[in-house]
Amino acid sequence: MSYVQPTDLVDRLTAAGASKVTYSAGVTVLRAFMAGAILTLGAAFAVTVSTQTGEPLLGALLFPVGFILLYLMGYDLLTGVFTLMPIALIARKPGVTVRSMLRVWGLVFLGNFLGAFMVAVLMAIYFTYGFSTEPSPVGLAISEIGHGRTVGYADHGAAGMLTLFIRAVLCNWMVSTGVVGAFMTDNLLGKIACMWMPVMLFFYMGFEHSIVNMFLFPSGLLLGAEFTIMDYLIWNEIPTVIGNLVGGLVFVGLPLYYAHRRKSPAAATGTATAPTTATGTAAEATPVPALDPTGTPAAPSADGPTEAPELVGAPR
């Protein structure tokens, strides 16, 4: 199983963050739409398993299915983009500016919401036979989640808001660790394992994920839960988005970048970095073999992989 050394990992992460500015608005929204839809289908699956078996741990074990699939297919979640793009900005990748980063964040948010909302409508129809009957037990469970995670926080006032924010921070600490996990190896099973572990933890612990909530709370409203759209926005979605940004950036992106960024163009392994492209794509981090004293390309170092970032199979 291949393992990507931390310095090479940071190269891959910054290249992946930079590549997101190269997509058109339509493609960015499409990638985000599919990510939101697949992730929230996984959430519906996990809630169904937890409700029908009475075993929340089993639901948490299975929830990462959606997360893993969407990243293997190269789609984008806002929580992952929150982590990748700021470090590409700090690394001064071509084309990455504060304006372009905010543009991508906005488009990904929109696409994630549209995908999650579509699944919310489809699952509400599924849980109620086209709104002709009362919600099924799983539908009722989703309604209760929406009520408890809005009104439940509001009942505690400022302490509830603080708890909501901290749960959102902890969530994207784990989720963004899963995103980074997709870049840690070039082996398919290795990618799955690295993504699965932290995402399972976040779901079982009940942390707050802004995109999963884009499904749970509209579903709750469609299924008759007793909270309002303003309850959802003020007492969940807005603080969750902010907390997710803080968690992914402060506890994942920045520590990795400052701990392992390259200090010079020549890597410690005896490789040099290829010239950057005008588009800021993943090719920026492609290693070029160094020459030994005789002018012959040196053998790759055993400390890290020789694969180019575009081969990692993770979203860019």
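In case you missed it, the structure is sitting above this.
No experiment lies behind these values; they were computed from the predicted model shown.

Conventions adopted
- Residues numbered from 1 in each chain as written.
- Predicted model: local features only at pLDDT ≥ 70, side-chain atom pairs only at ≥ 80, totals over all residues.
- Heavy atoms only, no water.
- Phe/Tyr/Trp six-rings, centres within 6.5 Å; stacked < 30°, edge-to-face > 60°.
- Helix = DSSP H or I, 4+ residues; strand = E, 2+ residues; numbered from the N terminus.
- Buried < 20%, exposed > 50% of the residue type's maximum accessible area, 1.4 Å probe, protein only.
- Polar contact = N/O pair within 3.5 Å; in protein donor to acceptor, adjacent residues only side chain to side chain.
- Contact = heavy atoms within 4.5 Å.
- Axes fitted to C-alpha atoms, helices over the stretch in contact; angles between N-to-C directions.
- Parallel < 35°, antiparallel > 145°, perpendicular 65-115°, else oblique.
- Left-handed = near helix turned anticlockwise from the far one by under 90°.
- Nonpolar A, V, L, I, M, F, W, Y, C, P; charged D, E, K, R; others polar.
- Patch = residues over 30% accessible without salt bridge, like charges linked within 9 Å, V, L, I, M, F, W, Y side chains within 5 Å.
- Areas by Shrake-Rupley, 256 points an atom, 1.4 Å probe, with all protein chains shown as cover.
- Salt bridge = Lys/Arg side-chain N within 4 Å of Asp/Glu carboxyl O.

**Q** Give me the lowdown on the packing of aromatic side chains, citing residues and values where you can.
**A** Summed over all chains, the structure comprises eleven aromatic pairs. Taking 4.9 Å as the distance between ring centres and 85° as the angle between the ring planes, the aromatic pair formed by Phe-82 and Trp-105 counts as edge-to-face. Here the residue Phe-82 occupies a position in helix 5 (residues 78–90), and Trp-105 occupies one in helix 6 (residues 98–128), the gap between them amounting to 23 residues. Across the pair, Trp-105 and Phe-82 agree in class, each one buried. Geometrically, the ring pair formed by Phe-217 and Phe-227 is edge-to-face, given 6.0 Å between the ring centres and 80° between the ring planes.

**Q** Break down the side chain of Thr-40 for me, citing the residues and quoting the values.
**A** Mapped onto the elements of the fold, Thr-40 is located in helix 2 (residues 25–53). Only 2.6 Å separates the side chain of Thr-40 from the backbone oxygen of Gly-36, close enough to count as a polar contact. Of the polar contacts made by the side chain of Thr-40, one reaches the backbone oxygen of Ala-37; its length is 3.2 Å. Setting aside residues no more than four positions away along its own chain, Thr-40 makes contact with Gly-115, Ala-116, Val-119, Ile-211, Val-212 and Phe-215.

**Q** I'd love a proper account of the packing of helix 2 against helix 6, names of residues and values included.
**A** The N-to-C vectors of helix 2 and helix 6 enclose an angle of 40°; their axes lie 7 Å apart at closest approach. The orientation of helix 2 with respect to helix 6, classified from their angle, is oblique. Helix 2 and helix 6 meet at a crossing whose hand is right-handed. Of helix 6, the residues touching helix 2 (which contributes Ala-25, Thr-28, Val-29, Ala-32, Phe-33, Ala-35, Gly-36, Ala-37, Thr-40, Leu-41 and Ala-44) are Arg-103, Leu-107, Val-108, Leu-110, Gly-111, Asn-112, Leu-114, Gly-115, Ala-116, Met-118, Val-119 and Met-123. A breakdown of the residues in the contact of helix 2 with helix 6 according to their chemical character gives 16 nonpolar, six polar and one charged.

**Q** Which residues make up a nonpolar patch on the surface, and what are the values?
**A** Where nonpolar side chains cluster on the molecular surface, the patch consists of Leu-57, Leu-58, Leu-61, Trp-196, Met-197, Leu-201, Tyr-204 and Met-205 and spans about 730 Å² of accessible area. Every element with two or more residues in the nonpolar patch is listed here: helix 3 (56–62) and helix 10 (188–205). It is helix 10 that contributes the most residues to the nonpolar patch, five residues altogether. One can find Tyr-204 in helix 10.

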